[in-house]
Amino acid sequence: MTKSESTGLPVDTERLVDVVQDRLSEVGDLDELRSLETEVLGKKSELSLAHRSLGGLEPDARRRAGAVLGETKSRIETLISEKREELEEVSRRRQLEADRLDLTEVVRESGRGHVHLVQRTRDELEDVFIGMGFSVAEGPEAETDWYNFEALNMPPAHPARSMFDTFYLELGEPDAVLLRTHTSPVQIRVMQSQPPPIYSVMPGRAYRRETADARHTSIFHQIEGLVVDRGISFADLAGTIEIFTSAYFGPDIHARLRPAFFPFTEPSAEFEITCTICKGSGCRTCSHAGWVELGGCGMVDPAVFAAVDIDDEKWTGFAFGFGIDRCAQMRHEIPDMRILLENDVRFLRQA
Ligand code: PHE
């Protein structure tokens, strides 16, 4: 300890304040601050020792030295409390940062999980159609017979109903409520809820009593499309499907339409795309046809317009519906669709 000449104290108070200031600039957290505080202000500190030595001084010198010590102590206390406030502010900010919920977080790439491939495919398909000016609508998975069949021009006992193996629910009258066999009932709901012009896609789950195999599962996903406007023709339908196909699958993949039958469209077509596995040259997946069926489509049947009170003299339209799972299968070359439902983590992690 060096004796200070001016005060007669065993400590150089100016130097002490400088030292404290230097040490404080090194302090990184509240724990370090507490131990520095004990060191410079505690019982064993230079300052306390100096205080204890006051008794050996003459009364005048004691008063002066006491005042110097008191002032030094309060300067050091001020420095420490300023530092404490600064550190508390930093730790508050860190806590806030850590607690903040980032609602924009994309979980897809993180270790915490993935968006399921079917959901991702659905999102991507929606994006393609939104880019083409469509809006997105949804409807219930448990439907009434009227929406699923009757309004779509399939009255009770209509033979076309046998195209769909249906799960009926024990709800209300027998056979009144069912798990929708396709997303087409949402066409009806959309036409009931808004006047034309309509440019809408309707993705969702559908159910059929199927024996599961590599290309069929009882629960599957479809995306329905509906356009109702003035002067819509079959060429608009074909063009929309072709544009969608190359936008989603790439420029090498094309669409073709083949005559088919659906009670709710007239004329109707099956919609096929170039097999993505062999690019059209023929392989096992496409049964050597070079083409794979994706869904159905056609011009909205006047009987459907009649069910929702749309004047078919004024408005025409087209509709299409195809499998989302099938799109995922074709785009990602998945040999067996059942894997989409099995929740095998080895598959989920890759997807
Ligand atoms: N709903 C039909 C099916 O699931 C597909 C389809 C939709 C056909 C729209 C024509 C128009 O098989």
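Notes on the structure in this doc start here. (Residues numbered from 1 in each chain as written. Predicted model: local features only at pLDDT ≥ 70, side-chain atom pairs only at ≥ 80, totals over all residues. Heavy atoms only, no water.)

Moving on to the site of the ligand. Of all residues adjacent to the ligand, which total 14 residues, the nearest are His 182, Ser 184, Arg 208, Gln 222 and Glu 224. His 182 is positioned with one of its side-chain polar atoms (N or O) 2.9 Å from a nitrogen atom of the ligand. The separation between an oxygen atom of the ligand and a polar side-chain atom of Arg 208 is 2.9 Å. Protein coverage of the free-state accessible area of the ligand, which is 320 Å², stands at 93%. Of all the cavities here, the one that holds the ligand is the largest pocket. Mapped onto the shell around the ligand, the elements with two or more residues apiece are strand E6 (219–229), strand E9 (291–300) and strand E10 (316–323). (Near = heavy atom within 4 Å. Polar contact = N/O pair within 3.5 Å; in protein donor to acceptor, adjacent residues only side chain to side chain. Areas by Shrake-Rupley, 256 points an atom, 1.4 Å probe, with all protein chains shown as cover. 1 Å grid on protein atoms, 1.4 Å probe; cavity = no way out; pocket = protein on both sides within 12 Å on 5 of 7 lines; lining within 4 Å. Sits in = over half its atoms within 2 Å of the grid points. Helix = DSSP H or I, 4+ residues; strand = E, 2+ residues; numbered from the N terminus.)

Attention shifts here to the packing of aromatic side chains. Inspection of every chain in the model, using the stated rule, returns 14 aromatic pairs. Centre to centre, the rings of Phe 129 and Phe 134 are 5.4 Å apart; their planes meet at 70 degrees, and the pair counts as edge-to-face. When the centroid spacing of 6.1 Å and the interplanar angle of 10 degrees are considered together, the rings of Phe 244 and Tyr 248 count as stacked. Taken together, the residues span about one helical turn, with Phe 244 and Tyr 248 both in helix H8 (residues 234–249) at a distance of 4 residues. With respect to burial, Phe 244 and Tyr 248 carry one shared label: buried. For Arg 189, the ring lying beneath its charged end belongs to Tyr 147, and the centroid distance is 3.8 Å. Over the aromatic face of Trp 315 sits the side chain of Arg 230, whose NZ or CZ is 4.4 Å from the ring centroid. (Phe/Tyr/Trp six-rings, centres within 6.5 Å; stacked < 30°, edge-to-face > 60°. Buried < 20%, exposed > 50% of the residue type's maximum accessible area, 1.4 Å probe, protein only. Lys NZ or Arg CZ within 6 Å of the ring centre and 35° of its normal.)

Looking now at the layout of surface pockets. Approximately 840 Å³ is the volume attributed to the largest pocket. Of all the secondary structure elements, the ones that give two or more residues to the lining of the largest pocket are E6, strand E7 (255–262), strand E8 (265–274), E9, E10 and helix H10 (324–332). Among the elements that take part in the lining of the largest pocket, E9 stands out by supplying 7 residues, more than any other. For the lining of the largest pocket, the residue count by class is 15 nonpolar, 14 polar and 8 charged. In this structure, the second largest pocket occupies an estimated 260 Å³ of space. Counting only elements with at least two residues in the lining of the second largest pocket, the list comes to helix H5 (117–131), strand E5 (198–207), E6, H10 and helix H11 (339–342). For the lining of the second largest pocket, the class distribution of residues is 6 nonpolar, 5 polar and 6 charged. (Points joined across faces, edges and corners; volume = space filled by probe spheres on them. Nonpolar A, V, L, I, M, F, W, Y, C, P; charged D, E, K, R; others polar.)

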